[in-house]
Amino acid sequence: MIYETRVYRCLPGRLPALLKRFETITLKLWDKHGIKQAGFFTTLVGESNQDLTYLLAWESLAEREKKWTAFTTDPEWISARAKSEEDGQIVLTIENQLLVPTAFSSVK
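Here's what I pulled together on the structure shown here.

Here we come to the pattern of salt bridges. As a working rule, side chains carrying opposite charge can pair if their charged atoms are close by. As enumerated under the stated definition, the model contains ten salt bridges in all. Sharing partners across several salt bridges, the network here consists of E4, R6 and R64.

Taken as a whole and assessed by the stated rule, the structure comprises twelve aromatic pairs. Residues Y8 and F22 carry aromatic rings whose centres are separated by 5.9 Å and whose planes lie at 80° to one another, so their mutual orientation is edge-to-face. Highlighted residues: Y8 in strand 1 (residues 2-10) and F22 in helix 1 (residues 15-33), separated in sequence by 14 residues. Accessibility expressed as a relative area gives 8% for Y8, which makes it buried. For F22, a relative accessible area of 6% gives the class buried. Three or more aromatic residues joined by ring pairs form one cluster here, namely Y8, F22, W30, F40, Y54, W68, F71 and W77.

A turn of α-helix holds 3.6 residues, and therefore any two residues three or four places apart point the same way. Among the residues making up helix 3 (residues 75-84), those that are buried are W77, A80 and S84. Down the axis of helix 3, the buried set is contained in an arc of 70°. They therefore lie on one face. Pointing more than 90 degrees away from the buried face of helix 3 are the exposed residues P75, S79 and K83. Close packing links the buried residues of helix 3 with helix 1 and helix 2 (61-72). Residue D74 occupies the N-cap position of helix 3, its side-chain oxygen lying 2.7 Å from the main-chain nitrogen of E76.

A word on the pairing of strand 1. Most of strand 1 is tucked away, with seven of its nine residues classed as buried. Where strand 1 and strand 3 (residues 51-58) come together, eight bridges link them in antiparallel fashion. The partner of Y3 across the bridge, within strand 3, is A57. Taken together, the eight bridges between strand 1 and strand 4 (residues 91-99) define a ladder with antiparallel strand orientation. By the bridge assignment for strand 4, C10 is matched with V91.

To continue, consider the environment of F40. Tracing the chain through its elements places F40 in strand 2 (residues 36-42). Spatially, the C-alpha atom of F40 lies 9.6 Å from that of R6, the residues being 34 residues apart in sequence. When near neighbours in sequence (up to four residues on either side) are disregarded, F40 contacts F22, L27, W30, L52, T53 and Y54.

What counts and what doesn't
Residues numbered from 1 in each chain as written. Predicted model: local features only at pLDDT ≥ 70, side-chain atom pairs only at ≥ 80, totals over all residues. Heavy atoms only, no water. Salt bridge = Lys/Arg side-chain N within 4 Å of Asp/Glu carboxyl O. Phe/Tyr/Trp six-rings, centres within 6.5 Å; stacked < 30°, edge-to-face > 60°. Helix = DSSP H or I, 4+ residues; strand = E, 2+ residues; numbered from the N terminus. Buried < 20%, exposed > 50% of the residue type's maximum accessible area, 1.4 Å probe, protein only. Arc of directions from axis to C-beta. Contact = heavy atoms within 4.5 Å. Polar contact = N/O pair within 3.5 Å; in protein donor to acceptor, adjacent residues only side chain to side chain. Pairing = 2+ DSSP bridges.

Without other data, these values stay purely geometric and don't point to any function.
See the structure below:
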């Protein structure tokens with residue numbers, strides 16, 4: 001397995017809009033495209049309480065490329081994302097890493 005960690009830093013006060021977008025739009029489209037999430041987290045203690053961190057689970061880089069491209073180019077996503085940002089930009093920056101478990105990891 002390959003795990004992708006993504007950290008979305010929101011503009012001040014916009015985290016609730018991002019959480020709503022994931023809960024009402026994004027997760028349904030991920031289901032449509034076969035994208036598997038492995039967890040979502042907000043920051044309790046850390047640099048910013050305006051962050052959303054989540055993990056995705058992939059079988060391979062090829063699977064990620066195929067499914068992520070299908071999702072990001074889906075007209076339904078493009079339209080829904082634009083509509084969710086009618087009140088202004090939500091995300092300031094996105095950081096992501098692709099991770100592989102070590103031999104001794106409890107997650108494989």
